[in-house]
Amino acid sequence: MAPNSSDAQLRESRVININRVAKVVKGGRRFSFSSLSVVGNRDGLVGIGYGKAKEVPSAVEKSVKDGKKRLMRVNLVEGTIPHQVEGVFCSSRVRLVPASPGTGIIAGKAVRKVCEFAGIRDILTKNYGSTNALNVVKATMVALSKLSDKRKIEELRGVNIE
């Protein structure tokens, strides 16, 4: 979904993970860096990005640029998600459960940052399987993309839900 101009001004980003990678060559080791970032407006718009470069600032810049390309809208209901959902990516599984107001974000490091930048204030989460930050973040995005609101379900089914 394309964000409108007011969303573009309010976006902020945060680095989730920076990883140093070594390639062994004849003269020794060559280091490069990969960066995982989250971009959002803390009001239902969130995206993740991944970038690689020979220096950390370049990798971060690339990951933020990638995150801005992959923005997606998240359905929220009073600061939480409308229903329980589970996302799977590779061997990482993330379960997101709506919480009552005042609960806060009960989540690990990677899931917490994605939820914060999506604008979720109250949520319970659980990681299963691999805890690799990239796979966990992608599983979280899969879960958030599965969320649907009441109006959309009513249109699909042709009934009125109360």
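What you are looking at is a predicted structure, and each value in this text was computed from that prediction instead of being measured. (Residues numbered from 1 in each chain as written. Predicted model: local features only at pLDDT ≥ 70, side-chain atom pairs only at ≥ 80, totals over all residues. Heavy atoms only, no water.)

Caption draft 1: Examining the overall build of the protein more closely. Summing up its helical and strand segments, the protein has 5 helices and 8 strands in all. Taken from the N to the C terminus, the helices and strands of the protein come in the order α-β-β-β-α-β-β-β-β-α-β-α-α. Along the three orthogonal principal directions, the C-alpha set of the protein runs to about 70 × 40 × 30 Å. Looking at the protein as a whole, 38% of its 162 residues are labelled buried. With the model as given, the accessible surface of the protein reaches about 9500 Å², and the carbon-plus-sulfur share is 49%. Separation between the mean location of the 29 positive side-chain charges and that of the 14 negative ones in the protein comes to 14 Å. (Helix = DSSP H or I, 4+ residues; strand = E, 2+ residues; numbered from the N terminus. Buried < 20%, exposed > 50% of the residue type's maximum accessible area, 1.4 Å probe, protein only. Areas by Shrake-Rupley, 256 points an atom, 1.4 Å probe, with all protein chains shown as cover. Lys, Arg positive; Asp, Glu negative; His and termini not counted. Charge placed at Lys NZ, Arg CZ, Asp CG, Glu CD.)

Caption draft 2: Just the nonpolar core, in detail. Val46, Leu96, Val114 and Leu144 are the most contacted members of the largest nonpolar core, which totals 30 residues. Every residue in contact with Leu96, bar those within four places of it in the chain, is listed here: Ile81, His83, Gln84, Val85, Val111, Ile123, Leu124, Thr125, Thr140, Ala143 and Leu144. (Core = buried A, V, L, I, M, F, W, Y, C linked by side-chain atoms within 4.5 Å. Contact = heavy atoms within 4.5 Å.)

Caption draft 3: Broad picture of the environment of Arg42. Mapped onto the elements of the fold, Arg42 is located in the loop between β2 (28–40) and β3 (45–53). Between the C-alpha atom of Arg42 and that of Ser145, which follows or precedes it by 103 residues, the distance is 16 Å. With near-sequence residues (within four places) excluded, Arg42 lies in contact with Glu12, Arg14, Glu116, Phe117, Ala118 and Gly119. Of the polar contacts made by the side chain of Arg42, one reaches the side chain of Glu12; its length is 3.1 Å. (Polar contact = N/O pair within 3.5 Å; in protein donor to acceptor, adjacent residues only side chain to side chain.)

Caption draft 4: Examining the packing of aromatic side chains more closely. Using the criterion set out here, one finds 0 aromatic pairs in the structure. Above the face of the Tyr128 ring, Lys126 is positioned so that its terminal group lies 6.0 Å from the ring centre. (Phe/Tyr/Trp six-rings, centres within 6.5 Å; stacked < 30°, edge-to-face > 60°. Lys NZ or Arg CZ within 6 Å of the ring centre and 35° of its normal.)

Caption draft 5: View of the pairing of β3. In terms of burial, β3 is a largely internal element, 7 of the 9 residues being buried. Two elements, β2 and β3, share 8 bridges in a ladder whose sense is antiparallel. Counted as the bridge partner of Ser37 is Gly49 from β3. Between β2 and β3, which pair antiparallel one after the other, the connecting turn spans 4 residues, and Arg42 there sits at a positive phi close to 60°. In terms of strand pairing, β3 meets strand β4 (residues 72–73) through 2 bridges, oriented antiparallel. When the sheet's bridge partners are listed, Leu45 is paired in β4 with Arg73. (Pairing = 2+ DSSP bridges.)

Caption draft 6: Local environment of unusual backbone geometry. The phi dihedral of Glu78 is positive, around 50°, even though this residue is not glycine. A relative accessible area of 70% means that Glu78 is categorised as exposed. If you check the backbone angles, Cys90 has positive phi at about 55° while not being a glycine. A relative accessible area of 61% means that Cys90 is categorised as exposed.

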